[in-house]
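Residue strings, one per chain:
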Amino acid sequence: MVMTTLTIITGDQLSPDIASLQAIERGRDHVLMAELSDEVEYVRHHVKKIVLIFSAMRHFARKLEETGHRVHYHRFDPAARVRSFSDAVAAHCDRHRIDEIVVTWPGEWRVFDEFNRLEKTLGIPVRMLDDDRFVSTPGEFAEWADGRKSLRMEFFYRLMRKRTGLLMDEQGEPEGGQWNFDAENRKKWKGRPAAASPMSFAPDEITREVIELVRSHIDGFGELDGFDFGVTPEQARRSLAHFVKTGLASFGDYQDALPDDEDYLFHSRLSAYLNIGLLGPLEVCEAVEQAWRDDLVPLNSAEGYIRQIIGWREFIRGIYWHEMPGYADRNHLGGDQALPEWYWSGQTGMRCLHRAIENTRANAYAHHIQRLMVTGNFALLLGVRPAEICEWYLAVYADAFEWVELPNTLGMVMFGDGGLLASKPYAASGKYIQRMGDHCANCRYAVTERTGEDGCPFNALYWDFLMRNEKVLGDNPRMRMMYRNVERLAPAEKAAITKRANWIRENVEAL
Ligand SMILES: Cc1cc2nc3c(=O)[nH]c(=O)nc-3n(C[C@H](O)[C@H](O)[C@H](O)COP(=O)(O)OP(=O)(O)OC[C@H]3O[C@@H](n4cnc5c(N)ncnc54)[C@H](O)[C@@H]3O)c2cc1C
Ligand code: SF4
């Protein structure tokens, strides 16, 4: 008897060569894709993120049908009884005889758990395949991580460089004689060279239909007008080529810059395409390496970019699957403050935060330094409950899926895992933000002041953060310098800092 297999393709698995599509027989087996209320509602996603995913799903489904796949597509309907993957699969299996379900390892623990439960609830065997769109698997990461005292991205990255051969010379040594050129990547941008912008696409008919659907039925975060993401692999590839041509050469030098009037500067805006499967990490890295081999971009840019993808991106995913499900509940520094309401509205007089949130609301995007050193740093210094800030990041960015959002937020930003991911918290005062850009010149607060009424809130909160957490962080060798500076503060200054920080915490909504 012929067996029929069902595969489920989630909204972040839009790659024609994904493992589960390779495992089924085109034309005979079934492909199920579903726009689901539970997926729309589990956090208050940015409306542009929802449009991107639904539109890319619809384009992908059409392509699969054109190439002979039997696609069953469930369109979003807020009143539908089918709300979750389990509902959609159960409804499908009621109507069709399905002998086996095949899925590719999903991007979030809650979906992983849901898929694993299907076998028991439906009595149909479920086979989960590794997601080979990544360079490494959770199993390989565990092998590398187990038995190590600390997990550092740099060492994992070197392994990935050797594994892929990216930027390696014929003797098996890193090109340029160094693994990492980060020290060259910290320049302040002063308006030259001119900023690049990501490639922009006018919505086609399918996207316009999804925009109307979202406008009428979904109360999400952020602004819907001006949707300009690509929604097909071809458009994502054009965006990559555009970035390599216009942004990559300066990516390295200005990777950490914080300009007041540029939303992207030389960042690529490729993360959302990578995370939903329109681009593969290796094709991106190979295009970047080729640009360097063709002498079009300097090595610090090419290496810096490739490190983000096969270093940070892979490392972060490894941490997620190694540490879940308990990881999400960690709170090493005991943060207990509510997330300020203005994280959703952007209405704060602190210019750096206002600009980062304005970018977020408008574009479902903020670049890494805005996420890490502005919105993230402030939440860390204020002592926000990690779960609240994690939910915010998961909602507001087009590229946000828990496997990548959670370790970045809970681990890198909030130090909630006690140093598993980062050797020290990325805590910084206003001085850092001033050094890396020109927000402070446009701010109502004085970046040079620590405790006065007009003093930059980052300043008092920074010193207060160090003092409050001295028991937990004081012995960290990488924080010795910071604590030496704390020791130099006179008792009266310490008292003034505590007073101002307490005032900020009590009046944070008015800042
Ligand atoms: C608090 C916080 C939350 C974050 N949440 C997400 C998230 O939900 N999804 C997400 O893709 N990235 C996340 N990042 C990482 C990073 O900020 C974004 O990948 C990046 O800003 C996306 O913009 P870009 O494509 O222009 O990146 P570029 O600056 O052009 O970087 C190139 C690529 O490198 C990868 N990359 C760079 N840094 C990281 C990193 N730390 N972790 C994983 N990949 C990285 C991305 O794929 C990115 O597209 C987060 C960072 C922080 C500090
Ligand atoms: S002064 Fe402080 S709050 Fe204002 S932009 Fe600078 S760092 Fe941000």
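Remember, it's a predicted structure, so these values are computed and weren't measured experimentally.

The rules behind each value
- Residues numbered from 1 in each chain as written.
- Chains lettered and ligands numbered in written order.
- Predicted model: local features only at pLDDT ≥ 70, side-chain atom pairs only at ≥ 80, totals over all residues.
- Heavy atoms only, no water.
- Axes fitted to C-alpha atoms, helices over the stretch in contact; angles between N-to-C directions.
- Helix = DSSP H or I, 4+ residues; strand = E, 2+ residues; numbered from the N terminus.
- Parallel < 35°, antiparallel > 145°, perpendicular 65-115°, else oblique.
- Contact = heavy atoms within 4.5 Å.
- Nonpolar A, V, L, I, M, F, W, Y, C, P; charged D, E, K, R; others polar.
- Near = heavy atom within 4 Å.
- Polar contact = N/O pair within 3.5 Å; in protein donor to acceptor, adjacent residues only side chain to side chain.
- Areas by Shrake-Rupley, 256 points an atom, 1.4 Å probe, with all protein chains shown as cover.
- Buried < 20%, exposed > 50% of the residue type's maximum accessible area, 1.4 Å probe, protein only.
- 1 Å grid on protein atoms, 1.4 Å probe; cavity = no way out; pocket = protein on both sides within 12 Å on 5 of 7 lines; lining within 4 Å.
- Points joined across faces, edges and corners; volume = space filled by probe spheres on them.
- Pairing = 2+ DSSP bridges.
- Expected span 1.5 Å × (residues − 1).
- Sits in = over half its atoms within 2 Å of the grid points.
- Salt bridge = Lys/Arg side-chain N within 4 Å of Asp/Glu carboxyl O.
- Core = buried A, V, L, I, M, F, W, Y, C linked by side-chain atoms within 4.5 Å.

## Considering the packing of helix H6 (residues 138-145) against helix H13 (residues 299-323)
Taken N-terminus to C-terminus, the directions of H6 and H13 make an angle of 85°; their axes are 9 Å apart at the nearest point. By the angle between their directions, the pair H6 and H13 is classed as roughly perpendicular. In this structure, H6 uses Pro138, Phe141, Ala142, Trp144 and Ala145 to contact H13, whose residues at the interface are Phe315, Arg317, Gly318, Ile319, Trp321 and His322. Of the residues assigned to the contact of H6 with H13, the class counts are eight nonpolar, two polar and one charged.

## A few points about the site of ligand 1
In the vicinity of ligand 1 lie 30 residues, with His267, Ser268, Arg269, Asn275 and Tyr365 positioned nearest. At 3.0 Å from an oxygen atom of ligand 1 is found a main-chain nitrogen or oxygen belonging to Ser271. Protein coverage of the free-state accessible area of ligand 1, which is 820 Å², stands at 99%. Elements that contribute at least two residues to the shell around ligand 1 include exactly helix H11 (271-276), H13, helix H16 (368-382) and helix H18 (402-413). Among the residues making up the shell around ligand 1, the classes are represented as 16 nonpolar, nine polar and five charged.

## Re helix H17 (residues 386-396)
For H17, a buried count of eight out of 11 residues is recorded, marking the element as mostly surrounded by other parts of the structure. Those residues of H17 hidden inside the fold are in contact with helix H3 (47-66), helix H14 (342-345), helix H15 (351-363), H16 and H18.

## Quick notes on empty space enclosed by the protein
For the structure on display, the rule yields five cavities of 30 Å³ or more. In this model, the largest cavity occupies a volume close to 310 Å³. If you trace the largest cavity, you find 23 residues lining it, with Gly11, Glu39, Tyr42, Ile53 and Phe401 closest to the centre. Breaking the lining of the largest cavity down by element, the ones donating at least two residues are helix H2 (37-41), H3 and helix H5 (109-122). Considering each element in turn, the lining of the largest cavity owes the most residues, five residues, to H3.

## Regarding the sheet that holds strand S5 (residues 126-129)
Across the sheet, five strands lie side by side as S3-S2-S1-S4-S5; this open sheet has parallel pairing. With partners counted over all chains shown, the strands left at the sheet margins are strand S3 (70-74) and S5, one partner each. Here the strands of the sheet are splayed against their neighbours by 25° on average, with no regard to which way each runs. With three bridges connecting them, strand S1 (residues 5-8) and strand S2 (residues 30-34) associate as parallel partners.

## Here we look at H3
The terminal C-alpha atoms of H3, which comprises 20 residues, lie 29 Å apart, in line with the 28 Å expected from a rise of 1.5 Å per residue. Among the 20 residues that make up H3, 16 are buried, leaving the element largely enclosed by the rest of the structure. Remark: Gly68 follows H3 within two positions and exhibits a positive phi of approximately 95°.

## Considering the site of ligand 2
Close to ligand 2 lie Met350, Arg351, Cys352, Gly430, Ile433, His439, Cys440, Cys443, Tyr445, Val447, Cys456 and Phe458. Applying the majority rule of atoms within 2 Å of the grid points places ligand 2 in the second largest cavity. Elements that contribute at least two residues to the shell around ligand 2 include exactly H15 and helix H19 (430-436). Classifying every residue of the shell around ligand 2 gives nine nonpolar, two polar and one charged.

## Things to note about the pairing of S2
Most of S2 sits inside the fold, with five of its five residues counted as buried. Of the two faces of S2, the one lined by His30, Leu32 and Ala34 and the one lined by Val31 and Met33 are each fully buried. Both S2 and S3 contribute to a ladder of five bridges, which runs parallel. Bridge pairing links Met33 to Tyr73 in S3.

## A look at the environment of Pro198
Summarising the element assignment, Pro198 is placed in the loop between helix H7 (153-164) and helix H8 (205-217). The class of Pro198 is buried, set by a relative accessible area of 16%. Residue contacts for Pro198: discarding those within four places in its chain leaves His242, Tyr264, Ser268 and Arg269.

## As for the pattern of salt bridges
In total, this model carries 35 salt bridges according to the counting rule given. Notably, a salt bridge pairs Asp99 with Arg97, separated by 2.7 Å at the nearest N-O pair. In this structure, Glu303 and Arg307 form a salt bridge, with 2.9 Å as the shortest nitrogen-oxygen distance. Here Glu303 pairs with Arg307, and both are found in helix H13, just four residues apart, close to one helical turn.

## Let's talk about the nonpolar core
Membership of the largest hydrophobic core comes to 152 residues, with the highest contact counts inside it found for Met33, Phe315, Tyr343 and Phe378. In terms of residue count, H13 provides more of this core than any other element does, 12 residues in total. If sequence neighbours within four positions are ignored, Phe378 has contacts with Trp342, Tyr343, Met350, Leu353, Pro457, Phe458, Leu461, Val508 and Leu511. Of all hydrophobic cores here, the second largest spans 19 residues; its members include Leu36, Val89, Ile98 and Val103.

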